[in-house]
Amino acid sequence: MGAALAARTKDGTLPATRTSKGRRDMAGVKQARDGAVGILTLDEPESLNAMTPDLLGALATAVGDMTGDENIRALILTGAGRGFCSGQNLKAAGALGEDLAAGVMRFYWPAFKALRECRVPVVVAVNGVAAGGGFSLAMAGDMIVAARSANFIQVFSRIALVPDLGSTWLLPRLIGRQRALELMLLNEPLTAERAHEIGLVRQVVDDNRLMEEALALARRLAEGPTRALVATRALVEESEHTSYEAQFRPEIELQAAIRTSADAIEGRRAFVEKRKAKFTGR
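Below: a short report on this structure. A quick note: this is a predicted structure, and the numbers were derived from the prediction, not measured.

Considerations on the nonpolar core
The biggest cluster of nonpolar side chains holds 53 residues, and the ones touching the most others in it are Leu59, Phe152 and Leu200. In terms of residue count, the dominant contributor to this core is helix H1 (residues 53-67) (8 residues). Discounting chain neighbours no more than four positions away, the residues touching Leu200 are Phe135, Met139, Ile144, Phe152, Leu171, Leu174, Ile175, Leu190 and Ala195.

Quick look at the sheet that holds strand S10 (residues 190-191)
Here we have 3 strands laid out as an open sheet, ordered S7-S9-S10, and mixed in their pairing. The sheet terminates laterally at strand S7 (129-131) and S10, the two strands that pair on one side only. By the bridge criterion, 3 bridges tie S7 to strand S9 (residues 151-153) in an arrangement that is parallel. Within the sheet, the bridge partner assigned to Ala130 lies in S9 and is Phe152.

Focus: unusual backbone geometry
In this structure, Val155 is a non-glycine residue whose phi angle is positive, near 75 degrees. The topology assignment puts Val155 in the loop between S9 and helix H5 (167-175). One non-glycine residue, Leu165, lies in the positive phi region at around 55 degrees.

A closer look at the packing of aromatic side chains
Tallied over the full model, the rule gives 1 aromatic pair. On the basis of an interplanar angle of 55 degrees and a centroid distance of 5.5 Å, the ring pair of Phe135 and Phe152 is categorised as tilted. Taken as a pair, Phe135 in helix H4 (residues 133-139) and Phe152 in strand S9 lie far apart in primary sequence, 17 residues in all. Given the relative accessible area of 1%, Phe152 is considered buried. For Arg173, the ring lying beneath its charged end belongs to Trp169, and the centroid distance is 4.1 Å.

Here's the deal with helix H3 (residues 109-116)
Where H3 is concerned, the buried positions are Ala111, Phe112 and Leu115. For H3, the buried positions fall inside an angular range of 95 degrees around the axis, keeping them on one side. Among the structural elements, H1, strand S5 (74-79), strand S6 (122-126) and H4 are those in contact with the buried residues of H3.

Notes on the pairing of strand S8 (residues 143-147)
Of all the 5 residues making up S8, 4 are buried; the element is thus mostly covered by neighbouring parts of the structure. Strand direction decides the pairing type here: S6 and S8, joined by 4 bridges, are parallel. Bridge pairing in S8 links Val123 to Met143. Where S8 lies against strand S11 (residues 203-205), 3 bridges are found, and the strand directions are parallel. Residue pairing in the sheet places Ala146 in a bridge with Val204 of S11.

Each value, and the rule that gives it
Residues numbered from 1 in each chain as written. Predicted model: local features only at pLDDT ≥ 70, side-chain atom pairs only at ≥ 80, totals over all residues. Heavy atoms only, no water. Core = buried A, V, L, I, M, F, W, Y, C linked by side-chain atoms within 4.5 Å. Buried < 20%, exposed > 50% of the residue type's maximum accessible area, 1.4 Å probe, protein only. Helix = DSSP H or I, 4+ residues; strand = E, 2+ residues; numbered from the N terminus. Contact = heavy atoms within 4.5 Å. Pairing = 2+ DSSP bridges. Phe/Tyr/Trp six-rings, centres within 6.5 Å; stacked < 30°, edge-to-face > 60°. Lys NZ or Arg CZ within 6 Å of the ring centre and 35° of its normal. Arc of directions from axis to C-beta.

Rendered as structure tokens:
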């Protein structure tokens, strides 16, 4: 895949094509849905879904498209072919411009931000390799389900670079400082089983059951009280920057705001009536 960018519309976004009912594809990203679950598939299998400005731009737009539908209450992100994402496509690196930092913030950050601040829970289904920036992308979701073929590797120090795309923030928080540094400094591949042992992934499944298990998890999340789930994620995120005491008040302030939601009212009512709650995400 070369460095040339695909043609864009006047507003700078990638053109989209509708392929079938309930599905809308953009260059490099397939969109589909299973009930209340939106499914986003990185679709550049010939490069193991290596990152380009077009691919990440399409992903940011696709997340927005999916979550713009109030009936979507959970997302799955996965990769087509033999790998999840092999990191930066070096042939397309020139498309980021001479100012690398500015180019990454312009073309890549919106996709990571969209996943991290998504209004619904995000399950990442990792098939095959998740290397470099692809490792970072996998961590941008909320929970990872890994195929047995999954393989995580930082790569960066092998080519005398430092981890990027949020990796130095995300990885230590998921597995601890020492293990994060071990992976970053030694570049030892991390198997799916080992990733599960150290808490990076939620579960490991046979390759042919990856999407089945990811969908089961996403459906479970989609049946939950979406606002409360995402508010919980936001609180956990904020807790990384503050003290125990400073976190105490924001928790209860958010609790007070969300307790009047339809789901919270239904949850309390179901508890009193000793039945399973039926949440709507509102």
